[in-house]
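Residue-level structure breakdown
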Amino acid sequence: MTTAAIDPELLRRGGLELGVDGPRATITLARPEALNAQTPHTWEALRAIGEALADDVRAVVVRGAGRAFSAGLDKRYFASAEVDGRPGITGIAAMPDDEADTTIAAFQSGFTWLRDPARLTVAAVQGHAIGAGFQLALACDLRIVADDVQFCMAETSLGIVPDLGGTYPLVHAVGYARAVEICLSGRRVGADEAVAIGLAQRAVPAAELDAAVDETVAGLLAAPPKAAAETLGLLAGIAEGADPAAALAAERAAQLRRLRSLAAGEG
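The structure displayed is predicted, hence computed values, not measured ones.

Quick look at a nonpolar patch on the surface now. A contiguous nonpolar patch, built from V171, Y176, V180 and L184 and spanning about 400 Å² of accessible area, is present on the exposed surface. With 3 residues, the top contributor of residues to the nonpolar patch is helix α8 (residues 176-185). Position of Y176 relative to the elements: it lies in helix α8. A relative accessible area of 63% places Y176 in the exposed class.

As structure tokens, then:
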């Protein structure tokens, strides 16, 4: 199944580049001159990519061009009601509740598809991953980081809250107490600590980041596609709070689907 065409102008406005090579897609935040700061156009383009990827794309890598993964929300949106035709923070604050809720939900949808167990997602993170950048990395299943990484959840320090889906995976990755400390202090988390607390799976020298991500993705794609998808679904269900009995039942059902598929010669 072929990945649907995505409007190149939408990608340009969002500051993104997309490459697809067989079972792997690579999304690059491509505004290095702005440290890959994000805008609502970025989230719109991310959502469009998630909707367009073909079923046979099994892995998605999210990376940043230049010396940072993403420095967070473009600063223009903090000070204006509207920028480039999209609402800023003051503009959202002035909306009726239902309209504001719908607006933020649309922003979140650019991130949430990255946690769909239909495919593996990996963030390749170097330099700053601040606010929205941190939350984008958290939206992925795995994080491979460069030794210069600096994670920071800056929102609370700015008087707002993380609202792009980052709180749920942060708590699951590092636990409630550490998530509280990271969010409320707004401090930076470096590479060694990120690996030690489960925020990242691996840290490597910056020059080796792309190679490390390639190696990791290739190893994970070695599993048979349907078995891998079923396993991702099982693990995601447990991460989302399935009780032990429900997890056992899900394993039984998934295994039965696999056995019947293999018996039918479907792989």
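Resuming the write-up.
Moving on, we get to the pattern of salt bridges. For the structure on display, the rule yields 11 salt bridges. Two residues, D74 and R76, come together in a salt bridge whose shortest N-O distance is 3.1 Å. We classify D74 as buried; its relative accessible area is 8%. Take R76: its relative accessible area is 36%, and that puts it in the partly exposed class. Linking R257 and E230 is a salt bridge whose minimum nitrogen-to-oxygen distance equals 2.8 Å. With R257 in helix α12 (residues 244-263) and E230 in helix α11 (residues 225-239), the pair connects residues that are 27 residues apart, well separated along the chain. Exposure remark for E230: the relative accessible area of 19% places this residue in the buried category.

With that settled, the discussion passes to the nonpolar core. V60, F69, V125, F151, L170 and L199 are the most contacted members of the largest nonpolar core, which has 54 residues in total. Ranked by size, the runner-up nonpolar core spans 14 residues in total, among them A124, A146, V204 and A212.

Before going further, it helps to examine the layout of surface pockets. Taken as a whole, the largest pocket holds about 660 Å³ of empty space. Around the largest pocket, the lining comprises 30 residues; the ones closest to its centre are L73, F78, I89, E155 and I160. Breaking the lining of the largest pocket down by element, the ones donating at least two residues are α2 (40-52), α3 (76-79), α4 (89-93), α5 (97-112) and α6 (132-139). Of the residues forming the lining of the largest pocket, the biggest block, 3 residues, is contributed by α4. A breakdown of the residues in the lining of the largest pocket according to their chemical character gives 21 nonpolar, 4 polar and 5 charged. In this structure, the second largest pocket occupies an estimated 520 Å³ of space. Considering the residues around the second largest pocket, the lining is formed by 21 residues, among which C140, D141, L235, A236 and A239 are closest to the centre. Elements that contribute at least two residues to the lining of the second largest pocket include exactly α6, β8 (142-146), α7 (167-174) and α11. Taken together, the residues of the lining of the second largest pocket sort by class into 13 nonpolar, 2 polar and 6 charged.

Procedures and definitions
- Residues numbered from 1 in each chain as written.
- Predicted model: local features only at pLDDT ≥ 70, side-chain atom pairs only at ≥ 80, totals over all residues.
- Heavy atoms only, no water.
- Patch = residues over 30% accessible without salt bridge, like charges linked within 9 Å, V, L, I, M, F, W, Y side chains within 5 Å.
- Areas by Shrake-Rupley, 256 points an atom, 1.4 Å probe, with all protein chains shown as cover.
- Salt bridge = Lys/Arg side-chain N within 4 Å of Asp/Glu carboxyl O.
- Helix = DSSP H or I, 4+ residues; strand = E, 2+ residues; numbered from the N terminus.
- Buried < 20%, exposed > 50% of the residue type's maximum accessible area, 1.4 Å probe, protein only.
- Core = buried A, V, L, I, M, F, W, Y, C linked by side-chain atoms within 4.5 Å.
- 1 Å grid on protein atoms, 1.4 Å probe; cavity = no way out; pocket = protein on both sides within 12 Å on 5 of 7 lines; lining within 4 Å.
- Points joined across faces, edges and corners; volume = space filled by probe spheres on them.
- Nonpolar A, V, L, I, M, F, W, Y, C, P; charged D, E, K, R; others polar.

All quantities given are derived from atomic positions and should not be read as evidence of function.
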